[in-house]
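Summary of structural features
What follows is the residue order along each chain.
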Amino acid sequence: MRRIVVILLLVLAPAALGARRRVVLPIPPLPVAEIDRIGAAHAQLNPGLAIAVRKDGAFHVRGYGLLDREANIPVRSDSVFQIASVTKQFTAAAVMRLVEEGTLSVDDRARNFLPELDSRFDAVTIRHLLNHTSGVRDYEAHLTTPYEPKTQQEIVAFITSGPLYFQPGTEHRYSNSGYYLLGMIIERASSMTYEQFLRETFFEPLALTGTSYCGTTAPPPDGHLIVSGGAATPVRSADMSLLYAAGALCSTAVDLLSWNDALVSGVAVSSESYARMTSESVRMFPGMRYGFGLIVEDLAGSRRIWHNGGILGFSSHLAWFPDQRLTIAVLVNVFDFERDRATAIAGEIAGALR
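Below: a short report on this structure. Model, not experiment: these values are computed from the prediction.

As a further point, take the overall build of the chain. For the chain, the count of helices and strands is 10 helices and 15 strands. Relative to a compact globule of 354 residues, whose C-alpha radius of gyration would be 20 Å, the chain shows 19 Å and is just as compact. Within the chain, buried positions represent 59% of all 354 residues. As presented, the chain carries roughly 13,600 Å² of accessible surface, and 52% of it is formed by carbon and sulfur atoms. In the chain, 32 side chains carry a positive charge and 35 a negative one; their mean positions are 3 Å apart.

Right, let's get into the packing of helix α3 (residues 87-100) against helix α8 (residues 253-264). The angle between the axes and the distance between the axes are what describe a pair of packed helices. Their axes nearest at 12 Å, the elements α3 and α8 cross at an angle of 30°. If you check the angle between α3 and α8, you find them roughly parallel. Pair α3 / α8 crosses with left-handed handedness. From α3, Q89, F90 and A93 reach across to α8, where they touch L256, W259 and L263. Here the contact of α3 with α8 is built from residues that sort into five nonpolar, one polar and no charged.

Quick look at unusual backbone geometry now. Even without a glycine there, the phi angle at H132 is positive, about 65°. With respect to the secondary-structure elements, H132 resides in the loop between α4 (126-130) and α5 (152-159). Owing to a relative accessible area of 1%, H132 belongs among the buried residues under this scheme.

Time to look at the sheet that holds strand β14 (residues 326-332). Backbone hydrogen bonds are what pair the strands of a sheet, in a parallel or an antiparallel way. In spatial order, the strands read β3-β2-β1-β14-β13-β12-β11-β10-β9; together these nine strands make up an open sheet with antiparallel pairing. A single partner strand is all that each edge strand has here, and the edge strands are β3 (73-74) and β9 (282-285). Along the sheet face, α8 touches β1 (48-55), β2 (58-68), β13 (314-321) and β14 and points at about 35° away from the line of β1.

Moving on, we get to the packing of aromatic side chains. Overall, the coordinates contain 10 aromatic pairs when judged by the stated rule. Considering the side-chain rings of F90 and F203, the 6.1 Å spacing of their centres and the 65° angle between planes classify their relative orientation as edge-to-face. Note that F90 is positioned in helix α3 and F203 in helix α7 (residues 194-203), a separation of 113 residues in sequence. Of the two residues examined, F90 and F203, each falls in the buried class.

The next subject is the pattern of salt bridges. By the definition in use, this model includes 17 salt bridges. The salt bridge partner of D107 is R127, with a shortest N-O separation of 2.9 Å. Within this pair, whereas D107 is found in the loop between α3 and α4, its partner R127 is found in helix α4, the two being separated by 20 residues in sequence. Residue D107 is classed as partly exposed on the basis of its relative accessible area of 46%. We note a salt bridge from E116 to R188, for which the minimum N-O separation is 2.7 Å. Remark: R188 occurs in helix α6 (residues 176-190) and E116 occurs in the loop between α3 and α4; sequence separation between them is 72 residues. With relative accessibility at 37%, the residue E116 sits in the partly exposed group. Given a relative accessible area of 37%, R188 falls into the partly exposed group. Here the salt bridges do not stand alone but share partners, grouping D107, R127, R276 and E280 into one network.

Further remarks concern the pairing of β9. In this structure, β9 lies alongside strand β10 (residues 288-290), joined through three bridges in antiparallel fashion. Its bridge partner lying in β10, F285 is registered against M288. Hairpin geometry of β9 and β10 is characterised by an intervening segment of two residues between the two adjacent antiparallel strands and by a positive phi of about 80° at G287.

Now for the state of the cysteines. Per the counting criterion, the structure on display carries one disulfide. Across the disulfide, C214 is cross-linked to C250 (sulfur-sulfur distance 2.0 Å). In this structure, the disulfide formed by C214 and C250 twists by about 115° around the S-S bond and is classed as right-handed. One end of the pair, C214, is in the loop between β5 (212-213) and β6 (223-226); the other, C250, is in strand β8 (residues 249-251), with 36 residues separating them in the sequence. A single burial state applies to C214 and to C250, both of which are buried.

The side chains of a regular strand alternate between both faces of the sheet. Most of strand β12 (residues 302-311) is tucked away: nine of the 10 residues are buried. With five bridges connecting them, strand β11 (residues 295-299) and β12 associate as antiparallel partners. Of the residues in β12, the one forming a bridge with D298 is R303. Pairing of β12 with β13, which is carried by seven bridges, proceeds in the antiparallel orientation. Paired with G310 across the two strands is S315, which belongs to β13. In this structure, the hairpin formed by β12 and β13 is closed by a connection of two residues, where G313 is found at a positive phi of approximately 105°.

Compared with the 20 Å implied by 1.5 Å per residue over 14 residues, the 20 Å span of α3 between its first and last C-alpha is a close match. Among the 14 residues that make up α3, 13 are buried, leaving the element largely enclosed by the rest of the structure. Taken from the residues just after α3, G102 is the one with a positive phi, measuring 80°.

Basis of the calculations
- Residues numbered from 1 in each chain as written.
- Predicted model: local features only at pLDDT ≥ 70, side-chain atom pairs only at ≥ 80, totals over all residues.
- Heavy atoms only, no water.
- Helix = DSSP H or I, 4+ residues; strand = E, 2+ residues; numbered from the N terminus.
- Rg over C-alpha atoms; globule rule 2.2 N^0.38 Å.
- Buried < 20%, exposed > 50% of the residue type's maximum accessible area, 1.4 Å probe, protein only.
- Areas by Shrake-Rupley, 256 points an atom, 1.4 Å probe, with all protein chains shown as cover.
- Lys, Arg positive; Asp, Glu negative; His and termini not counted.
- Charge placed at Lys NZ, Arg CZ, Asp CG, Glu CD.
- Axes fitted to C-alpha atoms, helices over the stretch in contact; angles between N-to-C directions.
- Parallel < 35°, antiparallel > 145°, perpendicular 65-115°, else oblique.
- Left-handed = near helix turned anticlockwise from the far one by under 90°.
- Contact = heavy atoms within 4.5 Å.
- Nonpolar A, V, L, I, M, F, W, Y, C, P; charged D, E, K, R; others polar.
- Pairing = 2+ DSSP bridges.
- Phe/Tyr/Trp six-rings, centres within 6.5 Å; stacked < 30°, edge-to-face > 60°.
- Salt bridge = Lys/Arg side-chain N within 4 Å of Asp/Glu carboxyl O.
- Disulfide = S-S within 2.5 Å.
- Expected span 1.5 Å × (residues − 1).

Below is the structure:
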């Protein structure tokens, strides 16, 4: 069970709301049979997956395999999956909307909004939480089961149970705890719940009808688990209180296309905010940097802006190639301990289309 808990949260010009327009996907399908070949091939290796691709003015969205093998329910183009750490894009964008409103600054101290953090956290800023340079402790290490709900007070107690891993701003360490705290900051700054703020700021205005905080509009979908190369076995969804702003959103592949369109075009956040999300980044690995909820990578001279996610039962990947104007969203209803399946599928599609 401990191993299952450890992978619970794996990785990755301002306008008034009334002026922000709905992003509408173009009508023509993408005439690339290779996408279907890749999807069909991976449907033989996974219970089910959904693929959405947009390049310039054409797009292709389709489900492959089964959403529920016992009931023989196929994956459709609008099937809902857990998106795991792709949630972090939404959380970071929510923070930037509050920055645009003048409610907070990314250089504000986290303790300005979270006084329950003690003096050891004095140097931690919202920026540090956004780009994983805060040094705050992992709360997942304290979880003994993915099914027992926890309050925010209990999670904060886990985070504050020991010293920071390092002085804020001196290192990069991927941190679900940081994004959990960002969710709390969003709530304190907006006087709304995290779910309400995202719903009223993004989901409803952008017509993301298949996107929600998992469990609020329907029970969270259940996925599958693969251990040590074995067969995919059904697994019950983790409790969403353990995931929160670090990974508790559900969505569809087509909604993720629309979300990326809105994010990169100055609709979800201002163009200036999006530029900050991608440019105010820190080094992860050679050629790869982490901004605000987004990974920026150089691939043979071409940029990829992306995030992946892995959670009990699901894996996800959303990538934007600005030089090719190519967006790829892949959702898979399986988590494999040994392979990031959604990212592998997205990589095959990118290779076929770039």
